[in-house]
Amino acid sequence: MDAQGRGRADDIDPADQWVLNPNTGEYELRLPPSGAQSGVPRPRRGSPSAATRTRSAPGRDRAAPGRDRDAPGRDREDPGPDVPGPRRRRAEPPEPLPGRRRGRNRPPKKSKAKKIVLWTGGTMALVLVAVSGAAYAYLKHLEGNVQTEDVGGSAKDGFSKDEAFNILIIGTDKRTGAGNAGYGDKNSVGHADTNILLHVAKDRTNATAMSIPRDLIVDIPECKTKQDDGTEKAIKPSESVRFNTSLGQEDRNPGCTMDTVKAVTGITVDHFMMADFNAVKTLTTAVGGVDVCLAKDVDDADSHLKLSAGKHTIEGEQALAFVRTRHSFGNQGDLDRIKVQQQFVGSLMRKMSSSDTLTSPTKLVKLAEAATKALTVDTGIGNVNTLKDMALELKKVPPKNITFTTVPVVDNPAEKGYHATVVVDEARAEPVFEAIKNDVSFSAVKQKEKKEKAAVAARLKGSRSAASEIRVDIYNGGAESGSAQETLNWLQNDEGVLKSSQLGNADTPLSKTTLEYSPDQADQARKLADLMGLSGSAMKPGKSEKNSQGLPAIVLTLGKDFKGAGVPLTAATKAPDVEKSTADKTVCAK
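Our subject in this report is the structure included herewith. Keep in mind that this is a model prediction, so the values were computed, not measured.

### Overview of the overall build of the protein chain
A count of helical and extended segments in the protein chain gives 13 helices and 26 strands. Relative to its 590 residues, the protein chain shows a buried fraction of 47%. As displayed, the protein chain has an accessible area near 30,000 Å², and 48% of this comes from carbon and sulfur atoms.

### Section: the pairing of strand S12 (residues 290-294)
Along any regular strand, the residues point their side chains to alternate faces of the sheet. Of all the five residues making up S12, four are buried; the element is thus mostly covered by neighbouring parts of the structure. Bridge count for S12 against strand S15 (residues 310-314) is five bridges, and the pairing is antiparallel. Bridging from a neighbouring strand, Val292 pairs with His312 of S15.

### Notes on the packing of helix H4 (residues 277-286) against helix H5 (residues 316-324)
Two elements in contact, H4 and H5, have axes whose closest approach is 8 Å; the angle formed by their N-to-C orientations is 130 degrees. Taken together, the axes of H4 and H5 lie oblique to each other. In this structure, H4 meets H5 at a crossing whose hand is right-handed. For the pair formed by H4 and H5, the contact residues are Phe277, Val280, Lys281, Thr284 and Thr285 on the first element and Gly316, Glu317, Ala319, Leu320, Val323 and Arg324 on the second. Of the residues belonging to the contact of H4 with H5, the class tally is five nonpolar, three polar and three charged.

### Digging into the nonpolar core
Residues Met210, Leu216, Met258, Val261, Val407 and Phe433 are the most contacted members of the largest nonpolar core, which totals 30 residues. Those elements giving two or more residues to this core turn out to be strand S4 (165-172), strand S5 (192-200), strand S7 (217-220), helix H3 (254-265), strand S11 (271-275), strand S19 (422-424) and helix H10 (426-437). Sorting elements by how many residues they give to this core places H10 first, with five residues. Apart from the residues lying within four places of it in its own chain, the contact partners of Val407 are Met210, Ser211, Ile212, Pro213, Val424 and Phe433. In terms of nonpolar packing, the next biggest core, distinct from the first, is built from 27 residues, Leu491, Met532, Met539 and Ile554 among them.

### Notes on the state of the cysteines
One pass over the structure, following the stated rule, counts one disulfide. There is a disulfide in this structure between Cys223 and Cys256, and the S-S distance comes to 2.0 Å. The disulfide joining Cys223 to Cys256 has a torsion of about 80 degrees about its S-S bond and is therefore right-handed. Here the residue Cys223 occupies a position in strand S8 (residues 223-226), and Cys256 occupies one in helix H3, the gap between them amounting to 33 residues.

### Description of the side chain of Ser483
Residue position: Ser483 is located in helix H12 (residues 483-494). There is a polar contact of 2.6 Å between the side chain of Ser483 and the backbone oxygen of Glu480. When residues no more than four places from it in sequence are discounted, the contact partners of Ser483 are Asn476, Leu558 and Phe562.

### Considering H12
Along its 12 residues, H12 runs 16 Å from first to last C-alpha, staying within 8% of the 16 Å computed at 1.5 Å per residue. Residues of H12 that are buried include every one of Ser483, Ala484, Thr487, Leu488, Trp490 and Leu491, and no others. Projected down its long axis, H12 shows its buried positions confined to an angular sector of 165 degrees, all on one face. Residues of H12 that are exposed and angled more than 90 degrees away from the buried face: Asn493 and Asp494. Along its buried surface, H12 packs onto strand S20 (471-476), strand S21 (499-505), helix H13 (522-532) and strand S25 (552-558). Taken from the residues just after H12, Gly496 is the one with a positive phi, measuring 75 degrees.

So, how was this worked out
- Residues numbered from 1 in each chain as written.
- Predicted model: local features only at pLDDT ≥ 70, side-chain atom pairs only at ≥ 80, totals over all residues.
- Heavy atoms only, no water.
- Helix = DSSP H or I, 4+ residues; strand = E, 2+ residues; numbered from the N terminus.
- Buried < 20%, exposed > 50% of the residue type's maximum accessible area, 1.4 Å probe, protein only.
- Areas by Shrake-Rupley, 256 points an atom, 1.4 Å probe, with all protein chains shown as cover.
- Pairing = 2+ DSSP bridges.
- Axes fitted to C-alpha atoms, helices over the stretch in contact; angles between N-to-C directions.
- Parallel < 35°, antiparallel > 145°, perpendicular 65-115°, else oblique.
- Left-handed = near helix turned anticlockwise from the far one by under 90°.
- Contact = heavy atoms within 4.5 Å.
- Nonpolar A, V, L, I, M, F, W, Y, C, P; charged D, E, K, R; others polar.
- Core = buried A, V, L, I, M, F, W, Y, C linked by side-chain atoms within 4.5 Å.
- Disulfide = S-S within 2.5 Å.
- Polar contact = N/O pair within 3.5 Å; in protein donor to acceptor, adjacent residues only side chain to side chain.
- Expected span 1.5 Å × (residues − 1).
- Arc of directions from axis to C-beta.

Keep in mind these values describe shape, not function.
Below is the structure:
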């Protein structure tokens, strides 16, 4: 009997016959042992049943004369247990498999989507407030659950497995779905109520989930939205408005929210994923509840959350009430609710990556169904191959190295008395944004730190020449106009690097400043790196060039990161000290 048939016969869910192979990380079909079966094919279609067939009289034997290997009186199509079955005729169709009953059709083949769901069992699902992992959920797009939206140039066309990537996760306050009409503003157009910018490191050792407050005052840039007829509509910019109005207001789409994130942080967003309230309810129910902890009793009249102090397992409506609660935590504002949401997401991630979930294909499929029915993604990641690749990359990040933080803010100085909004704290926020842009981990990933230190030590360790011995050609590779001449003047007049020349623009623009040199110029390169404030990553051992006098010269190319002559260019190798939490730890909401 086939696998599906055996599952039905034994009252076993076929999905539970898929078992995780710890050696390969993939699911394999494991069938329970079945009873011994005869190697002799069953009767052909139209033959009498074996249970009712009687032996034929000798005179009715269908064997041709001379075929004495068929015993007299036995029907040729009912061979004994030790007798081989009849040979197949030339034009005869193949015999059915043993155990195939007459009239039973072959069960439908498992869909490609369901197979991929099983392959990607340990991935995090990115969704709304309750977002975490399970990237396999996106792959249910094949079954028509996931919606896509074209945001034009605001998102990338595809996904690269070899690069760091940034995904904006948006939770809207739109009250669509069963049981949601009573929450908040029932007439909401769907604002960006909860926003998490997820940065996944290039080496997949870590990720940073940075929350963006909905009440952050920002300038929303002009954005273009696709209309139903294929044309584009330009939405005018807005100044000094809440961040949450970057979606829904004035018909803005998620692309406008992505553009606003870039305008505020300088970080390019590659893709978006958006979900509504149902995602929280259905995801938590699919995994059998999420564990949370409260430092005090909570009875919130607005969110209808009522829980005693201590640990609880919540799902469905109660889970939604938990992430919506604001007035019972901290200073009763959105910033403290963000902390609670981050703790909730971390708990959901732990539950989804637990052995209880990963070893149950039935739970995985339910989880995929739950997530995708409330999920919208950009068209750049809306096909099966791209989604599968993203799922497998997300699966590589350990929960302990996923850091949650929030954009550093201060009270809005324009408000007097009661403060309802906040603004970016430029002094504290800029190092956070730079760390994400430079792919720097906020979790203590020792492997990455050792690798970076080793690279810096290898290039900067050694003797230094005198400044007067440095011979260098300077090019502008993307810095502001006049930067090469400014650097030449500074090196010659202030630092004593007299053997320097300014040769105009580089052939190829660079994002970062580089210093190329041959091995015998390493001492000059180290001295120039000290003067310029360059890190070891900016130094490129290899070849130099000959200057106008035919002598070997170091090549200094000023990239877009150049900030001015004499300003150190050392990129961040250590994340700033910010308030944060990680996905592997439980924190009680206060």
